[in-house]
Amino acid sequence: MDESGLNPAISAIEFCLSHGIKEYVICSGARNSALIAAITSVPDLIVYRHPEERSASYFALGRSIKKHVPVAIVTTSGTAVAELLPSVVEAYYQAVPLVMITADRPVRFRGKGAPQAIEQHNIFGDYAETRIEQWEKDRPLHMNVPLEEPTSKEIENIQCRKQTGMGSPAVKGASDSDTQLLQGFLDESISLTVIVGCLPLAWQEPVKAFLLRLKAPVLAEATSGLREAFPPMGNFDEPQRLLRIGGVPSSRLWRNIEAREDVPVCSVAPNGLPGISRPSLVVRRPDWEVLQARELPDEAGKNIIQIGYLLDKHPLSECSWVRRLSECIPVGSLVFLGNSQPVRQWNIAATHEDRGLRCFACRGANGIDGNVSTFLGLSAEENESWALVGDLTAIYDLAAPWIISQLPDANRRIVVINNGGGRIFHRLPALREFNDDQMQIVENSHTIGFKGWAEMWNMSYRKVSNLADLENLPDGALLVELIPDKEQTDRFWQEFGES
Ligand SMILES: Cc1ncc(C[n+]2csc(CCOP(=O)(O)OP(=O)(O)O)c2C)c(N)n1
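Residues numbered from 1 in each chain as written. Predicted model: local features only at pLDDT ≥ 70, side-chain atom pairs only at ≥ 80, totals over all residues.

**Student:** Go over the overall build of the chain with me, naming the residues and quoting the values.
**Tutor:** Helix and strand counts for the chain stand at 17 helices and 16 strands. For 499 residues, the compact-globule estimate of 2.2 N^0.38 gives 23 Å, and the chain sits close to it at 24 Å. Taking the principal axes of its C-alpha atoms as reference, the chain extends roughly 75 × 55 × 45 Å. Buried positions account for 46% of the 499 residues belonging to the chain. Restricting the contact set of the chain to residue pairs at least 6 apart, pairs at least 24 apart contribute 74%. (Helix = DSSP H or I, 4+ residues; strand = E, 2+ residues; numbered from the N terminus. Rg over C-alpha atoms; globule rule 2.2 N^0.38 Å. Buried ≥ 20, exposed ≤ 12 C-beta atoms within 10 Å, placed from the backbone. Contact = placed C-beta atoms within 7 Å.)

Spelled out as structure tokens, the structure:
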């Protein structure tokens, strides 16, 4: 450290520049002023400002997922740092290179309980790399920067000397041993079922080409980007061997596989985790192009879910609304699917017509927090983007729209499916014996409306409870409060039969 004690701030930002980091989401405080000075000393960086670290960090996560490069979130010291944990966990499970640059008080304050000095070193534990030389951009990086109190003169003189470098690609190249392991699994498979969860964008085309060669039954979730290319044809109830590609799927097929110890499973997972507790094969980075796909017996059967008639019968049920949205969201839009039911409902009910919709979700840790912020991060350079989220999910992230005024004008539609609480719990068999009072606690039942939320952030507002209400939507940032029909929704699920 030089005399000023601010060199660590410059070094941290120069490290980021050398790795090509161009976007910085800054949550200010006094302690991180040297970091702010270092960032703003570099021309042509993209700088966002945000007063709420949790939302800000999810916004940065959305930027990083979208651009497939590291994006930095910058905070002051103290609880500001702790606010980042949820998004760091999500980034870890999604193998996203989120970079946390946190200002700290100098090392001599550690363990002393001095003001705004919490134990920040390694605060994210296993979820973030702290050794910059070990960081491989397939997980979050935490740079905790101890800083002395700066003088105004010192701040004035802060200047990064480096420009942004190209940085290396976030996704590492293929691994020969992974390719061989996966090839071995394929060669042993006489019958094989494939389930595809969230795929890194760079994987979508090669995985699609591989699956077209493989000709096995494929259940591709919306976040794989391949759902429309592989309509669900085949026997998914009784898989004999299962290949999972991408993030952990949300479908019942994957949940059931945990107990099916007779079914060998191979996961191709960017985060290297099996996603089930029993033994299975895991590979991270096979070379999709060299994999030999032995043609498997044609197992195509009936379409697994013949739900068209149920959707017609209950046109105002939640799933029918989701189908309707999947048909009327403009072609080519970005779509974010909130956790809880929207992501599941889309997988079940959305049209299989290929309308070029690009679907995203936070399925790393399945949290209902930060969903709106992640959506806004994903939406930054889009002309038309839509989020479908539950009401509690929206309530979790009320500060998210703060960022909208810093984004280019565009059609950003936040659809809150307001069913008065966490209705996913209504369908859980385990809770069937709960009485009304207990269900109220579990579901957090409420009668809150969202008009005031739209007004607070200068968004247009549209309440939707009939199909015609979705017509002629105003341009710009729009909050759609969608009120599904409760009875139709209940009847839909009863007749659909899935819990
Ligand atoms: C951060 C976090 N807290 C709690 C949960 C548990 N949880 C899962 S779904 C859910 C309810 C979500 O309600 P809502 O967003 O209204 O969607 P709905 O169930 O009505 O579709 C909750 C609390 C979670 N996933 N994430």
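Here the narrative resumes.
**Student:** So what's going on with the domain arrangement of the chain? Which residues, and what values?
**Tutor:** For the chain, the assigned domains are domain 1 (7–156), domain 2 (176–283) and domain 3 (308–496). A straight line from the C-alpha centre of domain 1 to that of domain 3 covers 31 Å. Those elements that place two or more of their residues in the side of domain 1 that touches domain 3 are α3 (53–67) and α5 (85–94). In terms of residue count, the dominant contributor to the side of domain 1 that touches domain 3 is α3 (ten residues). (Domains from an automatic or database assignment.)

**Student:** How would you sum up helix α11 (residues 318–328)? Please name residues and give values.
**Tutor:** Most of α11 is tucked away: nine of the eleven residues are buried. Within the sequence span of α11, burial applies to E318, C319, S320, W321, V322, R323, R324, L325 and S326. Next to the buried residues of α11 lie α10 (308–313), α12 (341–349), β13 (384–390), β14 (411–417), β16 (477–482) and α17 (486–496).

**Student:** Can you tell me about the packing of α3 against α5, naming the residues and giving the values?
**Tutor:** At their nearest, the axes of α3 and α5 sit 8 Å apart, and the two run at 20° to each other. Here α3 is positioned roughly parallel relative to α5, judged by the angle of their axes. For the crossing formed where α3 meets α5, the hand is right-handed. The segment α3 lies against α5, with R54, S57, Y58, L61 and I65 engaging P86, S87, E90, A91 and Q94. Partitioned by chemical class, the residues of the contact of α3 with α5 number five nonpolar, three polar and two charged. (Axes fitted to C-alpha atoms, helices over the stretch in contact; angles between N-to-C directions. Parallel < 35°, antiparallel > 145°, perpendicular 65-115°, else oblique. Left-handed = near helix turned anticlockwise from the far one by under 90°. Nonpolar A, V, L, I, M, F, W, Y, C, P; charged D, E, K, R; others polar.)

**Student:** Outline unusual backbone geometry, supporting the account with residue identities and numerical values.
**Tutor:** In this model, Q116 sits at a positive phi of 50°, which is unusual for a non-glycine residue. Summarising the element assignment, Q116 is placed in the loop between β4 (98–104) and β5 (141–146). Positive phi, normally seen in glycine, also occurs at S340, with a value near 70°. With respect to the helices, strands and loops of the structure, S340 is situated in the loop between β11 (334–337) and α12. Judged by C-beta crowding, with 22 C-beta atoms within 10 Å, S340 ranks as buried.

**Student:** Would you mind going over the site of the ligand in detail, with residue names and values included?
**Tutor:** Close to the ligand lie 16 residues, the nearest being S340, Q341, G390, G422 and I424. In terms of residue count, the dominant contributor to the shell around the ligand is helix α14 (residues 391–396) (three residues). Across the shell around the ligand, the residue classes break down as three nonpolar, ten polar and three charged. (Near = placed C-beta within 6 Å.)

**Student:** So what's going on with the sheet that holds strand β6 (residues 193–196)? Which residues, and what values?
**Tutor:** On the basis of which strands lie adjacent, the open sheet formed by five strands has the order β7-β6-β8-β9-β10 and parallel pairing. A single partner strand is all that each edge strand has here, and the edge strands are β7 (218–220) and β10 (281–283). Across the sheet, the mean angle from the axis of one strand to that of its neighbour is 15°, orientation sign disregarded. Pairing between β6 and strand β8 (residues 242–245): four bridges, direction parallel. Bridging from a neighbouring strand, I195 pairs with R244 of β8. The strands that helix α7 (residues 176–187) touches are β9 (265–268) and β10; relative to β10, the one it contacts most, it runs at about 140°. (Pairing = 2+ DSSP bridges.)

**Student:** Talk me through the sheet that holds strand β2 (residues 46–49); I want residue IDs and the actual numbers.
**Tutor:** One key point about sheets: their strands pair by backbone hydrogen bonds, in either a parallel or an antiparallel sense. If you walk across this open sheet you meet the five strands as β2-β1-β3-β4-β5, and the pairing is parallel. Here the strands that pair on one side only, and so sit at the sheet edges, are β2 and β5. Neighbour-to-neighbour, the strand axes of the sheet open up by a mean angle of 20°, direction not taken into account. Note: β4 against β5, six bridges, orientation parallel. If you follow T102 over to β5, its bridge partner there is N144. Helix α2 (residues 33–40) contacts β1 (23–26), β2, β3 (71–75), β4 and β5 of the sheet and is inclined by roughly 150° relative to β1.

**Student:** Describe in detail the pairing of β2, supporting the description with residues and values.
**Tutor:** Inspection of the sheet shows β1 paired to β2 by four bridges, in the parallel sense. Paired with E23 across the two strands is I46, which belongs to β2. Note on the crossover from β1 through α2 to β2: the handedness is right-handed. (Right-handed = clockwise from strand over helix to strand, strands pointing away.)

**Student:** Tell me about the confidence of the model for the chain, and please be specific about residues and values.
**Tutor:** Residues with a pLDDT of 70 or more make up 94% of the chain, whose mean pLDDT is 92. Note on residues 300–304: pLDDT under 50 across the span, and eleven contacts to partners over four residues away in sequence or across chains. (pLDDT = per-residue confidence, 0-100.)

**Student:** Residues and numbers for the environment of C27, please.
**Tutor:** As for its position among the elements, C27 is in the loop between β1 and α2. Owing to 24 C-beta atoms within 10 Å, C27 belongs among the buried residues under this scheme. Separated by 26 residues in the primary sequence, C27 and E53 place their C-alpha atoms 6.2 Å from one another.

**Student:** Explain the environment of P286 to me, using residue names and the numbers behind them.
**Tutor:** Looking at where P286 falls in the secondary structure, it is placed in the loop between β10 and α10. A C-alpha to C-alpha distance of 22 Å links P286 and Q240, two positions 46 residues apart in sequence. Residue contacts for P286: discarding those within four places in its chain leaves A174, D178, T179, L182, V268 and L291.

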